[in-house]
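Here's the letter readout for the chains.
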Amino acid sequence: MPNTVLADDTALLMIDIQNDFCPGGALAVADGDAIVPLVNRLQPLFSTCLLTQDWHPDDHSSFAANHDGAEPFQMRDMPYGPQVMWPTHCVQGSQGAAFHADLETDRADLIVRKGFRSQIDSYSAFFENDRKTPTGLAGYLRERGIGTLALVGLATDYCVYYSAIDARALGFDVTLIADACRAIDLDGSLATAMDDMREKGVSLSDSNALL
Ligand code: VGL
Ligand code: ZN
């Protein structure tokens, strides 16, 4: 298939391609850095490219280190619901929170930062983990006339997954470019996320179908 720019109402949403989610990072996703060359090749096909950046204060309540007796990857009940206790990651302004050095970021029109409130985590690019507080991204996309999203990034079963299902619930057409994503896969979370995305009408694709 020739390299063509996709329709103007389609955006590439690149989720959390940051050092801490890559090998050597604080919450490393296996092979997370392997998606970077692919994501860079996909960007020129889209007239609109958007980035998200996990961006936590160091007293963030999703960090195990901020709770007495909590171990990383355990669950805790928070006022807004169950929350995984994560290793400290993507602290605002840190090298771990920076985008992977090889990721092309100059094409992005917008960087959505999320998880910046101490008391609540935000996996999705659209809503915080209370599933209610908006990030503003939906309004931005609607005002720009964007109705279709292609999703890539880290991690498939957390921030990519929640962004995909929220986008569907908000009425966007969504395609997951699966080979340009990598998963954390905590207790079967990848299979659960993939099943739920399929059920909610997220299309599954592969970069070969586009490049
Ligand atoms: C993510 C866990 C904690 C992600 C962010 O980007 O998928 N996962 N913070
Ligand atoms: Zn986080």
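Relevant structure appears above.
Note that this is a predicted model, so its numbers are computed, not measured.

Rules used throughout
- Residues numbered from 1 in each chain as written.
- Chains lettered and ligands numbered in written order.
- Predicted model: local features only at pLDDT ≥ 70, side-chain atom pairs only at ≥ 80, totals over all residues.
- Heavy atoms only, no water.
- Helix = DSSP H or I, 4+ residues; strand = E, 2+ residues; numbered from the N terminus.
- Buried < 20%, exposed > 50% of the residue type's maximum accessible area, 1.4 Å probe, protein only.
- Lys, Arg positive; Asp, Glu negative; His and termini not counted.
- Salt bridge = Lys/Arg side-chain N within 4 Å of Asp/Glu carboxyl O.
- Polar contact = N/O pair within 3.5 Å; in protein donor to acceptor, adjacent residues only side chain to side chain.
- Near = heavy atom within 4 Å.
- Areas by Shrake-Rupley, 256 points an atom, 1.4 Å probe, with all protein chains shown as cover.
- 1 Å grid on protein atoms, 1.4 Å probe; cavity = no way out; pocket = protein on both sides within 12 Å on 5 of 7 lines; lining within 4 Å.
- Sits in = over half its atoms within 2 Å of the grid points.
- Nonpolar A, V, L, I, M, F, W, Y, C, P; charged D, E, K, R; others polar.
- Points joined across faces, edges and corners; volume = space filled by probe spheres on them.
- Donors = N, O, S within 2.8 Å, 3.2 Å for Na, K, Ca; no water.

Trainee: When you look at the side chain of D157 in this model, what are you seeing that I'm missing?
Mentor: Mapped onto the fold, D157 is located in helix α3 (residues 156-169). Buried charge without a salt bridge: D157, with R182 as the nearest opposite-charge side chain at an N-O distance of 11 Å. For D157, the side chain forms a polar contact with the main-chain nitrogen of I184, separated by 2.9 Å.

Trainee: Where do I start with the environment of A65 in this structure?
Mentor: Note on placement: A65 falls in the loop between β2 (48-54) and β3 (75-78). For the pair A65 and T133, spaced 68 residues apart in the sequence, the C-alpha separation amounts to 25 Å.

Trainee: I tried to follow the site of ligand 1 on my own but got confused; where do I start?
Mentor: Taken together, D16, F21, L27, D54, W86, H89, L154, A155, Y158, C159 and I184 make up the full set of residues adjacent to ligand 1. H89 has a polar side-chain atom sitting 3.1 Å from a nitrogen atom of ligand 1. One nitrogen or oxygen atom from the main chain of L154 is found 3.3 Å from an oxygen atom belonging to ligand 1. When ligand 1 is considered free in solution it has 260 Å² of accessible area, and contact with the protein chains removes 100% of it. In this structure the site holding ligand 1 corresponds to the largest cavity. The residue inventory of the shell around ligand 1, partitioned by class, reads 8 nonpolar, 1 polar and 2 charged.

Trainee: Would you mind showing me how to read the pattern of salt bridges here?
Mentor: As a working rule, side chains carrying opposite charge can pair if their charged atoms are close by. Taken as a whole, this structure holds 9 salt bridges when the rule is applied. One salt bridge connects R144 with D109, and the closest N-O pair in it is separated by 2.9 Å. Of the two residues, R144 is situated in the loop between α2 (137-143) and β6 (148-154) and D109 in strand β5 (residues 108-114); the sequence distance between them amounts to 35 residues. Residue class for D109 comes out partly exposed when judged on its relative accessible area of 40%. Notably, a salt bridge pairs D166 with R131, separated by 2.6 Å at the nearest N-O pair. In this pair, D166 is assigned in helix α3 and R131 in the loop between β5 and α2, connecting sequence segments 35 residues apart. On the basis of relative accessible area, D166 is assigned to the buried category, the value being 6%. Members of the salt-bridge network, linked through shared partners, are D16, D54 and K114.

Trainee: It is not clear to me how the layout of surface pockets should be interpreted in this structure. Could you clarify?
Mentor: A probe matching the size of a water molecule, rolled over the atoms, marks out where space remains unfilled. In this structure, the largest pocket spans a volume of roughly 370 Å³. Contributing to the lining of the largest pocket are 19 residues, with M75, V84, Y123, Y158 and Y162 lying nearest its centre. Contributions of two or more residues to the lining of the largest pocket are made by β4 (81-84), α3 and α4 (189-199). Taken together, the residues of the lining of the largest pocket sort by class into 11 nonpolar, 5 polar and 3 charged.

Trainee: Quick question: what am I supposed to make of the coordination of the zinc ion (ligand 2) here?
Mentor: The textbook angles at a metal center are 109.5 degrees for a tetrahedron of four donors and 90 or 180 degrees for an octahedron of six. Each protein donor to the zinc ion (ligand 2) is listed here as D54 (OD), H56 (NE2) and H89 (NE2); together their distances run 2.0 to 2.2 Å. Considered as a linear motif, the donors of the zinc ion (ligand 2) on their single chain read D-x1-H-x32-H. Taken together, the residues H56 in the loop between β2 and β3 and H89 in the loop between β4 and β5 connect sequence positions 33 residues apart. Summarising the burial analysis for this pair, H56 and H89 share the class buried.

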